[in-house]
Amino acid sequence: MPIPVMQNTVFPFMTQLFQPILAQGPYLSLFFFSACLAGLFSIIYWILLDIEKADEIKEKMSSHQEKMKEAQKEDDSEKARKHMSKSMKLNQKFMMLNFKPMIGTMIFVAFMFPWLGHTYAPNVAMEPQNNVSEPELFTGQLHYADRETDVYYYNNTVEIDNQTAEVGQSLKALGVKWDVTGLGESESQRNVRLNAHFANLPFSLPLAGDKMHWLMFYILVTMPLTYGFRKALGIQ
């Protein structure tokens, strides 16, 4: 389903459905969604993955890898290549076993991730106001948790609830701290790109910069939870 169609049909329904959770604020709401997805994906793997066969393949792979290391120590290149070849074939079988549960998780990813991005990193469409010359004024609306507030754009400045910010700066609206991450321009429209600010980082990362936004927060929450859920379900 194309993203514009989802924005006009699926996204409003999901926002209304999860409004009580979103109203708890970005930290609690995104933690809830992250935990639910980690649990759901683990259950999908538990149902669709042949765990016994997967464990058997991993044991064989481990055995061949150990034998390959021993052969390398003994300078037996021919024996090492044979064990490496068998290990690679087993790895292909293991990947095929994971294909079915991976498809199952992708169905939920296809709906949830675009909506999470739309919710916590909105792209606000700004329309020009007629009869305004200096400065040129564009207006739009920011939506979060079934609430909305007006957004103004002029002189490369974004204004929301009497707060102003330029690209790289932050402001607070609808109970969320937003970073202004970019401004898109066309002949008749401006797009203000915002991203919910979760934390400052003590260092700068490629692409992410020195601020934690929703995707990094999601990853930090789901990684330990997924490990815990899978261990509890017997999925290594």
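The structure this text deals with has already been given above.
Every value quoted in this text rests on a predicted model; they were computed, and no experiment measured them.

A. Region of the structure containing the packing of aromatic side chains. As enumerated under the stated definition, the model contains 13 aromatic pairs in all. Consider the rings of Phe 18 and Phe 33, whose centres lie 5.2 Å apart with planes at 80°: the pair is edge-to-face. Of this pair, Phe 18 sits in the loop between α2 (10–17) and α3 (19–22) while Phe 33 sits in helix α4 (residues 26–48), placing them 15 residues apart in sequence. With respect to burial, Phe 18 and Phe 33 carry one shared label: buried. Here Tyr 27 and Phe 198 contribute two aromatic rings whose centre-to-centre distance is 5.3 Å and whose plane-to-plane angle is 85°, an arrangement assigned as edge-to-face. Here Phe 198 lies in the loop between β8 (190–196) and β9 (199–205) and Tyr 27 lies in helix α4, a separation of 171 residues in the sequence. The exposure class assigned to Tyr 27 is partly exposed, which follows from its relative accessible area of 43%. On the basis of relative accessibility, which here comes to 4%, the residue Phe 198 falls in the buried class. An aromatic cluster is present here, built from Tyr 27, Tyr 120, Tyr 144, Trp 178, Phe 198 and Phe 217 joined pairwise through their rings. The ring of Tyr 45 carries the charged tip of Arg 230 above its face, separated from the ring centre by 4.2 Å.

B. The side chain of Ser 87, seen in detail. Looking at where Ser 87 falls in the secondary structure, it is placed in helix α6 (residues 77–120). Those residues in contact with Ser 87 that sit more than four places away from it in its chain are Met 61, His 64 and Gln 65.

C. Molecular detail of the packing of α4 against α6. The geometry of α4 relative to α6 is characterised by a closest axis approach of 8 Å and an angle of 165° between their N-to-C directions. For the element pair α4 / α6, the angle class is roughly antiparallel. Relative to α6, α4 is oriented so that their crossing is right-handed. Looking at the contact of α4 with α6 residue by residue, the classes come out as 18 nonpolar, four polar and one charged.

D. Focus on the pairing of strand β4 (residues 157–160). Alternating positions in β4 separate into two faces, Thr 157 and Glu 159 on one and Val 158 and Ile 160 on the other, with burial throughout. Pairing between strand β3 (residues 147–154) and β4: four bridges, direction antiparallel. Within β4, the residue paired with Tyr 154 across the bridge is Thr 157. Sheet topology places β4 next to strand β5 (residues 163–165); three bridges connect them, and they run antiparallel. Within the sheet, the bridge partner assigned to Ile 160 lies in β5 and is Gln 163.

Calculation notes
Residues numbered from 1 in each chain as written. Predicted model: local features only at pLDDT ≥ 70, side-chain atom pairs only at ≥ 80, totals over all residues. Heavy atoms only, no water. Phe/Tyr/Trp six-rings, centres within 6.5 Å; stacked < 30°, edge-to-face > 60°. Helix = DSSP H or I, 4+ residues; strand = E, 2+ residues; numbered from the N terminus. Buried < 20%, exposed > 50% of the residue type's maximum accessible area, 1.4 Å probe, protein only. Lys NZ or Arg CZ within 6 Å of the ring centre and 35° of its normal. Contact = heavy atoms within 4.5 Å. Axes fitted to C-alpha atoms, helices over the stretch in contact; angles between N-to-C directions. Parallel < 35°, antiparallel > 145°, perpendicular 65-115°, else oblique. Left-handed = near helix turned anticlockwise from the far one by under 90°. Nonpolar A, V, L, I, M, F, W, Y, C, P; charged D, E, K, R; others polar. Pairing = 2+ DSSP bridges.

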